[in-house]
Amino acid sequence: MIVFKGILFLIIYINALRQIGQLIIKKNHFFQNLIYGYIIYYIFQFILGFIFQFALLNVMYYHWIIGFTLMMISGYSIYDLTKNKMLLESIKEHFKIYWLVYVFSLALIFISVIYAPGHYLSNNLDDGYYMMKVINFTRGINVNIDPATGFVDIANLKTKLARIVNTCELDLASYCYLFKIDVLVFVNYIYTWFNYYFI
């Protein structure tokens, strides 16, 4: 079920980014549209996420706004493709041209899965902080909680502002919340696959 939800997320997410890019640059090049769509979507996501974190607003509303945005863009994309009766042909053509991108990104995620146990056994990284931040945002908690103590982090303002400017965890939490996917699986495998695919 997690694999199905992950694939569903990737289809909706990649298609939404592509559609945003196509609306902006008006070209029919898949990866060029994807890049432009990614940039524009993340400018929108950053501004919205920064406001929610800075004002300590309820992040559940943020999740709903992101969900509504993805739903509207995906609906328009399906309408646009079916209006031109190009849905099935465009999917076939896409995989015919870009099949190697999928093979390489799947191979990279497979390598990532193989190295995951060693990665977490040594655990010298600060993944715990960021994973905890995503988990807290998924639950609707909009404060900086120190993962080592479980208490609210009342660090100096400079550190707090630097962490508020980073809205990536809030965005990842929205996808975990909307698609009901486990945070560790989503961040380590599903979104990692998108990063490999995007590169």
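**Q** Would you take a moment to explain the overall build of the chain for this structure?
**A** Scanning the chain from N- to C-terminus turns up 8 helices and 0 strands. Along the chain, helices and strands appear, N-terminal first, in the series α-α-α-α-α-α-α-α. In the chain, which comprises 199 residues, the share counted as buried stands at 39%. Looking at the chain alone, contacts between residues at least 24 apart form 69% of all its contacts between residues at least 6 apart.

**Q** Looking at this structure, I do not really get helix α5 (residues 127-138). What am I missing?
**A** Since one α-helical turn is 3.6 residues long, residues separated by three or four positions face the same way. Over its 12 residues, α5 extends 16 Å from the first C-alpha to the last, a length consistent with the 16 Å expected when each residue adds 1.5 Å. Listing the buried residues of α5 in full gives Y129, M131, K133, V134, N136, F137 and T138. Following α5 by one or two positions, G140 has its phi on the positive side, about 90°.

**Q** Teacher, can you tell me more about the nonpolar core here?
**A** General note: in soluble globular proteins, nonpolar side chains tend to be found buried as a group. Ranked by size, the top nonpolar core spans 40 residues in total, and within it F9, Y13, Y175, F186, Y191 and Y197 carry the most contacts. Sorting the residues of this core by element identifies α1 (2-25), α2 (30-54), α3 (59-83), α4 (87-122), α5, α7 (168-179) and α8 (183-198) as the ones contributing at least two each. Excluding anything up to four places from it in sequence, Y197 contacts I14, F30, F31, L34, H94, V101, Y102 and S105.

**Q** Looking at this structure, how should I read the packing of aromatic side chains?
**A** Both the distance between ring centres and the angle between the ring planes are used here to describe each pair of aromatic rings. On inspection of all chains with the given rule, the structure shows 23 aromatic pairs. Ring-pair connections join several aromatic residues into one group, and the members of that group are F9, Y13, Y38, Y41, Y42, F44, Y175, F179, F186, Y191 and F194. One Lys or Arg, K180, reaches over the ring of Y177 and ends 4.0 Å from the middle of that ring.

**Q** It is not clear to me how α7 should be interpreted in this structure. Could you clarify?
**A** With 12 residues, α7 extends 17 Å between its outermost C-alpha atoms, agreeing within 8% with the 16 Å of an ideal straight helix rising 1.5 Å per residue. α7 sits mainly inside the fold: 10 of its 12 residues count as buried. Listed as buried for α7 are E169, L170, D171, L172, A173, S174, Y175, C176, Y177 and F179. Residues of α7 that are buried make contact with α1, α2, α3, α5 and α8. Within two residues after α7, K180 carries a phi angle of roughly 55°, on the positive side.

**Q** When you look at the pattern of salt bridges in this model, what are you seeing that I'm missing?
**A** Oppositely charged side chains can pair when the atoms bearing their charge come close. Applying the stated criterion to the full structure yields 1 salt bridge. Among the salt bridges present, the one from K133 reaches E169, with a minimum N-O distance of 3.9 Å. Taken as a pair, K133 in helix α5 and E169 in helix α7 lie far apart in primary sequence, 36 residues in all. E169 shares its class with K133; the two are buried.

**Q** What should I look at first to understand the packing of α5 against α8 in this one?
**A** The relative placement of two packed helices is expressed as an angle between their axes plus a distance between the axes. Running from amino to carboxyl end, α5 crosses α8 at an angle of 125°, the nearest separation of the two axes being 10 Å. As summarised for this structure, α5 and α8 are arranged oblique, according to the angle between their axes. Pair α5 / α8 crosses with right-handed handedness. Here α5 contributes M131, V134, I135 and T138 to the contact with α8, which in turn contributes V183, L184, V187 and N188. Among the residues forming the contact of α5 with α8, the class breakdown is 6 nonpolar, 2 polar and no charged.

Parameters and conventions
- Residues numbered from 1 in each chain as written.
- Predicted model: local features only at pLDDT ≥ 70, side-chain atom pairs only at ≥ 80, totals over all residues.
- Heavy atoms only, no water.
- Helix = DSSP H or I, 4+ residues; strand = E, 2+ residues; numbered from the N terminus.
- Buried < 20%, exposed > 50% of the residue type's maximum accessible area, 1.4 Å probe, protein only.
- Contact = heavy atoms within 4.5 Å.
- Expected span 1.5 Å × (residues − 1).
- Core = buried A, V, L, I, M, F, W, Y, C linked by side-chain atoms within 4.5 Å.
- Phe/Tyr/Trp six-rings, centres within 6.5 Å; stacked < 30°, edge-to-face > 60°.
- Lys NZ or Arg CZ within 6 Å of the ring centre and 35° of its normal.
- Salt bridge = Lys/Arg side-chain N within 4 Å of Asp/Glu carboxyl O.
- Axes fitted to C-alpha atoms, helices over the stretch in contact; angles between N-to-C directions.
- Parallel < 35°, antiparallel > 145°, perpendicular 65-115°, else oblique.
- Left-handed = near helix turned anticlockwise from the far one by under 90°.
- Nonpolar A, V, L, I, M, F, W, Y, C, P; charged D, E, K, R; others polar.

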